[in-house]
Every structure is written in C-alpha cells, then in structure tokens.
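In case you want the letters, here they are:
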Amino acid sequence: QVQLVESGGGLVQAGGSLRLSCAASGSSFSLKTMAWYRQAPGKQREMVATITMAGITMYADSVKGRFTISRANAKNTVYLQMNNLKPEDTAVYYCNVQNIVLQNYWGQGTQVTVSS
C-alpha cells in the first residue's frame, strides 16, 4: 500500500515557475520509476516527465528545456521543477510511481494554472 502526497501547485503568470513535489509513503519495495502526468479539461492524460531509479529522465517534447524532473530516493520523493510556464501548461498534474514488482500508484492531482 503506497500513498502519494502532492504539493506545489497553484496559480502563476506566464513565464513564472513552480515546483511540484510528490512524497510516497508505505512502499514495501523500491520505487523503480517515478513520473508526472497532466490532464487538461477535455484532454487525455499525458506523460510529462519520467525518471528511473538510476536517474535516467525522459520528457514530453512540449516541456523539454523548461521542466526538470528529479528524485530523492532516500525520501521516496519526486519533484518537477517547471520554469517558463505557458498557459498551455495549465492542467491537473498527477504523480505516478511504479515499484520494482511493477505495481503502480497515482496521486490525487494538483492544479497548475498559468495565466497570460
């Protein structure tokens, strides 16, 4: 049983920055992959960024160069630093983690709103 607690969302003007955090607790197994997804109203949920246990990262093309995903393994926490935010980044952002026995868990989501 893993619980994910997300924080850091909010309202920011275009060009601003936010940092999202997601802390996982209750995991009996190491967390293999940690990721951030987002979903805007009327849109499909999309992958934003992922990071493996070894620190290998992948990003959606739309956020490359602006967002950075990182993790603190000892604390089972994943971060998403979002810089130069754009209105099209507005969405609910969800934390997702997968452990080494391939179980995956979702956070409840945190709203990010970017105004023009």
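Residues numbered from 1 in each chain as written. Predicted model: local features only at pLDDT ≥ 70, side-chain atom pairs only at ≥ 80, totals over all residues. Heavy atoms only, no water.

A. Broad picture of the pairing of strand β5 (residues 46-52). Two elements, strand β4 (residues 31-39) and β5, share 6 bridges in a ladder whose sense is antiparallel. For methionine 34, the partnering residue across the bridge sits in β5 and is isoleucine 51. Between the end of β4 and the start of β5, which pair antiparallel, lie 6 residues, with glycine 42 showing a positive phi angle near 75°. Where β5 and strand β6 (residues 57-59) come together, 3 bridges link them in antiparallel fashion. Residue pairing across strands places isoleucine 51 opposite threonine 57, the latter belonging to β6. (Pairing = 2+ DSSP bridges. Helix = DSSP H or I, 4+ residues; strand = E, 2+ residues; numbered from the N terminus.)

B. Spotlight on the state of the cysteines. Inspection of every chain in the model, using the stated rule, returns 1 disulfide. The residue that forms a disulfide with cysteine 22 is cysteine 95, at a sulfur-sulfur distance of 2.1 Å. The sign of the S-S torsion, about -85°, decides the handedness of the disulfide formed by cysteine 22 and cysteine 95: left-handed. Of this pair, cysteine 22 sits in strand β3 (residues 18-25) while cysteine 95 sits in strand β9 (residues 91-99), placing them 73 residues apart in sequence. Taking relative accessible area as the criterion, cysteine 95 reaches 0% and is therefore assigned buried. (Disulfide = S-S within 2.5 Å. Buried < 20%, exposed > 50% of the residue type's maximum accessible area, 1.4 Å probe, protein only.)

C. Summary view of the packing of aromatic side chains. Counted under the stated rule, the structure contains 1 aromatic pair. Between arginine 45 and the ring centre of tyrosine 94, over which it is positioned, the NZ or CZ distance is 3.7 Å. (Phe/Tyr/Trp six-rings, centres within 6.5 Å; stacked < 30°, edge-to-face > 60°. Lys NZ or Arg CZ within 6 Å of the ring centre and 35° of its normal.)

D. Up close: the environment of phenylalanine 67. Here phenylalanine 67 is to be found in strand β7 (residues 67-72). The residues contacting phenylalanine 67, other than those within four sequence positions of it, are Arg38, Val48, Tyr59, Leu80, Gln81, Met82, Asn83, Leu85, Asp89 and Tyr93. (Contact = heavy atoms within 4.5 Å.)

E. Structural view of the nonpolar core. Residues Trp36, Leu80, Met82 and Tyr93 are the most contacted members of the largest nonpolar core, which totals 28 residues. Among the elements of the structure, β3, β4, β5, β7, β8 (77-82), β9 and β11 (110-115) are those that each provide at least two residues to this core. (Core = buried A, V, L, I, M, F, W, Y, C linked by side-chain atoms within 4.5 Å.)

F. Quick look at the pattern of salt bridges. Using the criterion set out here, one finds 4 salt bridges in the structure. The salt bridge involving glutamate 46 is made with arginine 38; its shortest N-O contact spans 2.8 Å. Between lysine 64 and aspartate 61 there is a salt bridge; the shortest N-O distance is 3.0 Å. Among the ionic contacts, a cluster of salt bridges with common partners joins Arg38, Glu46, Arg66 and Asp89. (Salt bridge = Lys/Arg side-chain N within 4 Å of Asp/Glu carboxyl O.)

G. Geometry of the side chain of threonine 110. Residue placement: threonine 110 occurs in strand β11. Within the local environment of threonine 110, its side chain forms a polar contact with the backbone nitrogen of glycine 9, the two atoms lying 3.4 Å apart. Apart from the residues lying within four places of it in its own chain, the contact partners of threonine 110 are Glu6, Gly9, Leu20, Ala91, Val92 and Tyr93. (Polar contact = N/O pair within 3.5 Å; in protein donor to acceptor, adjacent residues only side chain to side chain.)

H. Main features of the sheet that holds strand β1 (residues 3-7). The strand order across the open sheet formed by 4 strands is β1-β3-β8-β7, and the pairing between neighbours is antiparallel. Each edge of the open sheet is held by one strand with a lone partner, namely β1 and β7. Strand-to-strand twist across the sheet, computed as the mean angle between neighbouring axes with direction ignored, equals 15°. Two elements, β3 and β8, share 6 bridges in a ladder whose sense is antiparallel. Across the sheet, residue leucine 18 finds its bridge partner in β8, namely methionine 82. (Axes fitted to C-alpha atoms, helices over the stretch in contact; angles between N-to-C directions.)

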